[in-house]
Amino acid sequence: MPAIFLPILIVHCTAVFSKLAVFFAIPRLKSVAAVDGFVRRYRPLERSANWILWITGGLLVYFSSLKMLEQTWMIVSLLLYLLVFVAIRYGLFRELEKISTSKKVLASSELKRLRTSNWCIGLLAIALLIVIAYLMSAQP
């Protein structure tokens, strides 16, 4: 394993954590204006993190071994990893954008639904990341 593997892994994990920061930001959003401001600030961060994740993920596979892609545990891990970010993108971000573009001032029922979705998707993400960590460490 080359010496560059660890720095790439650190950058990759930093990008993952930056995308997961949405779970901690949503409970603090109390109005449509706050949601709109958050969406505008988060969108460029999300795009950058997406690019970094794809690039560093590819580099991690390249530097570790392309043979890893032939192993079932690795493919399952990658699919679960994608599921986490698809759930965030389509489960949370759609609701954020819907609230952001609404004409309401407070949108309390929508914000309550967003917080519930945040908890559900957050717990799903934690469970899937635990499974991924197990698969990556045990390599069954």
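Parameters at a glance
- Residues numbered from 1 in each chain as written.
- Predicted model: local features only at pLDDT ≥ 70, side-chain atom pairs only at ≥ 80, totals over all residues.
- Heavy atoms only, no water.
- 1 Å grid on protein atoms, 1.4 Å probe; cavity = no way out; pocket = protein on both sides within 12 Å on 5 of 7 lines; lining within 4 Å.
- Points joined across faces, edges and corners; volume = space filled by probe spheres on them.
- Helix = DSSP H or I, 4+ residues; strand = E, 2+ residues; numbered from the N terminus.
- Nonpolar A, V, L, I, M, F, W, Y, C, P; charged D, E, K, R; others polar.
- Core = buried A, V, L, I, M, F, W, Y, C linked by side-chain atoms within 4.5 Å.
- Buried < 20%, exposed > 50% of the residue type's maximum accessible area, 1.4 Å probe, protein only.
- Contact = heavy atoms within 4.5 Å.

Student: Just give me the short version of the layout of surface pockets, but keep the residues and values in it.
Tutor: Here the largest pocket defines a volume of roughly 1000 Å³. What lines the largest pocket is a set of 33 residues, among which H12, V16, G57, L78 and Y81 lie closest to the centre. Where the lining of the largest pocket is concerned, the elements lending two or more residues are α1 (5-20), α3 (32-64), α4 (72-100) and α5 (108-138). Looking at the lining of the largest pocket, its residues break down into 23 nonpolar, seven polar and three charged. Of the volumes computed, that of the second largest pocket is approximately 260 Å³. Considering the residues around the second largest pocket, the lining is formed by 13 residues, among which F23, F24, N118, G122 and I126 are closest to the centre. Those elements giving two or more residues to the lining of the second largest pocket turn out to be α1, α2 (22-25) and α5.

Student: I'd love a proper account of the nonpolar core, names of residues and values included.
Tutor: Within the largest apolar cluster, 37 residues are counted, with the highest numbers of intra-cluster contacts made by V22, F23, F85, I88 and L96. Breaking this core down by element, the ones donating at least two residues are α1, α2, α3, α4 and α5. Counting residues per element, this core draws most heavily on α4, which supplies 12 residues. If we ignore the near neighbours within four places in the chain, the residues touching I88 are K19, L20, V22, F23, F93 and I121.

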